[in-house]
Amino acid sequence: MAWAMPFAFQDKAFILADEKFGLRLYCDSSILAEGNDIKLAVSQVMNRLEKGQKFIERRVLRPFADEQMKNGEILVKNQYGALRETYEYFRQGASLAYSGQGRNRRPDRIFAEEAEGFHNTTAMISAYFSLLEHLLVLVHPFTRNSAVGDRLVRFIGDRWSAKFREVFDVNSDARAKYFYDRLVGFSEEYRNTYAHGGFDKARATVAFRIPGVAWLPAALSDVRKSPHYGLIPVTASEFSTICQLLDQFDEWIEDTVPHGIEWARAGLNVSFDEAFRNRLHHALENGNFNQFIEREAHVADMHANMDY
């Protein structure tokens, strides 16, 4: 049990407790003995608690939360594992489809395997960028130029491309610039188009009419490569090229911020407050990172299991 708060409602005793397996509400057994409707009593209590919660949030917690955010007192929940799993799920689905072992059998569909591979590929890329954006936040405190205060709040709310430029120096690091440009290309070609209803910035999915002639793509000669102008939107070869680039980037970012990646994989939440940053950099400077991560993992497990 993390905490318990006893209180009275309509002359009956209740206890609200945060226990290992969730929030619990206990009530006086006399409610049952007196033949009262226990569901009604609990409903009334929950109604009062919800109203009180909204009042406290509006009057106290929201202003305090805004102030804490500005001061950099922020904890980010580590969702690396779930996001990585989503990316790998769609990647496996695309790989199976292109190899003729897809999950959907559509004998009436022309290029059924390629279509399923394409659907999974676009989902895979979208999932990867979600993973990347989250990962860039997780590894940020492991860089010497990690943001604090209002700059940190803006960083967390930025697009992935801005986060990338904040974490890595694309101006002086040729490798960082290479991956940034390639990822921007993938984002524009596959992710953004389908995230915005099938419309891309280059207007490759919009056509205009020349009376008596034909409909032409509004992007004209800017249409160099688009998943909309091909019989098979993404071929098995293109899928392989995409995966190869993502794998290369994974290797590079692990080599560039190894401790940040190790922390993300450990599933530990990331704190951006000054105390955490000081402990982290002290451990890195003294070569004690392994002991540091083991201790933080132990403390996290202790709190998760309420093993005090």
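Keep in mind that what you see is a predicted model, and the values were worked out from it rather than measured. (Residues numbered from 1 in each chain as written. Predicted model: local features only at pLDDT ≥ 70, side-chain atom pairs only at ≥ 80, totals over all residues. Heavy atoms only, no water.)

A. Inspection of the overall build of the protein chain at higher detail. Across its full length, the protein chain carries 11 helices and 7 strands. Entry remark: accessible area of the protein chain is about 18,800 Å², with carbon and sulfur atoms responsible for 52%. (Helix = DSSP H or I, 4+ residues; strand = E, 2+ residues; numbered from the N terminus. Areas by Shrake-Rupley, 256 points an atom, 1.4 Å probe, with all protein chains shown as cover.)

B. Highlighting the sheet that holds strand E1 (residues 3-9). Here 3 strands make up an open sheet; going across it, the order is E1-E2-E3 and the pairing antiparallel. The strands lining the two open edges of the sheet, one partner per strand, are E1 and strand E3 (22-27). Shown here is a sheet whose adjacent strand axes are inclined to one another by a mean of 20 degrees, direction ignored. When strand E2 (residues 12-19) meets E3, the two strands line up antiparallel, connected through 6 bridges. By the bridge assignment for E3, Leu-16 is matched with Leu-25. (Pairing = 2+ DSSP bridges. Axes fitted to C-alpha atoms, helices over the stretch in contact; angles between N-to-C directions.)

C. Looking closely at the nonpolar core. Counting 55 residues, the largest nonpolar core has Phe-164, Leu-183, Phe-249 and Trp-263 as the members making the most contacts within it. Residue contributions to this core peak at 13 residues, all from helix H4 (residues 112-139). In this structure, Phe-9, Ile-31, Ala-41 and Val-45 belong to the second largest nonpolar core, which totals 5 residues. (Core = buried A, V, L, I, M, F, W, Y, C linked by side-chain atoms within 4.5 Å. Buried < 20%, exposed > 50% of the residue type's maximum accessible area, 1.4 Å probe, protein only.)

D. Local environment of the pairing of E2. Pairing analysis gives 7 bridges linking E1 to E2, with the strands arranged antiparallel. Bridge pairing in E2 places Phe-7 opposite Phe-14. Connecting E1 to the next strand, E2, in antiparallel fashion are 2 residues, including Gln-10 with a positive phi near 50 degrees.

E. Just a nonpolar patch on the surface, in detail. A surface patch of nonpolar side chains, amounting to about 330 Å² of accessible area, comprises Phe-55, Ile-56, Val-60 and Leu-61. Checked against the element boundaries, Phe-55 lands in helix H2 (residues 38-70). Among the residues examined, Phe-55 registers a relative accessible area of 39% and is labelled partly exposed. (Patch = residues over 30% accessible without salt bridge, like charges linked within 9 Å, V, L, I, M, F, W, Y side chains within 5 Å. Salt bridge = Lys/Arg side-chain N within 4 Å of Asp/Glu carboxyl O.)

F. Region of the structure containing unusual backbone geometry. Despite not being glycine, Gln-10 has its phi angle at roughly 50 degrees, a positive value. Summarising the element assignment, Gln-10 is placed in the loop between E1 and E2.

G. Representation of the side chain of Asp-250. Position of Asp-250 relative to the elements: it lies in helix H8 (residues 236-256). By relative accessible area, Asp-250 is classed as buried at 16%.

H. How the structure looks around helix H5 (residues 149-157). All of the buried residues along H5 are Gly-149, Leu-152 and Phe-155. With its buried residues spanning 95 degrees around the axis, H5 presents them on a single face. Facing away from the buried surface of H5 by more than 90 degrees, the exposed residues are Arg-154 and Gly-157. Buried residues along H5 sit in contact with H2, H4 and helix H6 (160-167). (Arc of directions from axis to C-beta. Contact = heavy atoms within 4.5 Å.)

I. Inspection of the packing of H4 against H8 at higher detail. Where H4 meets H8, the closest approach of the two axes is 12 Å, and the angle between their N-to-C directions is 15 degrees. It follows from the interaxial angle that H4 and H8 lie roughly parallel. The interaxial crossing formed by H4 with H8 has left-handed handedness. Contacts from Thr-121, Met-124, Ile-125, Tyr-128, Leu-132 and Leu-135 of H4 reach H8 at Phe-239, Ile-242, Cys-243, Leu-246, Phe-249, Asp-250 and Ile-253. In terms of residue class, the contact of H4 with H8 is made up of 11 nonpolar, 1 polar and 1 charged. (Parallel < 35°, antiparallel > 145°, perpendicular 65-115°, else oblique. Left-handed = near helix turned anticlockwise from the far one by under 90°. Nonpolar A, V, L, I, M, F, W, Y, C, P; charged D, E, K, R; others polar.)

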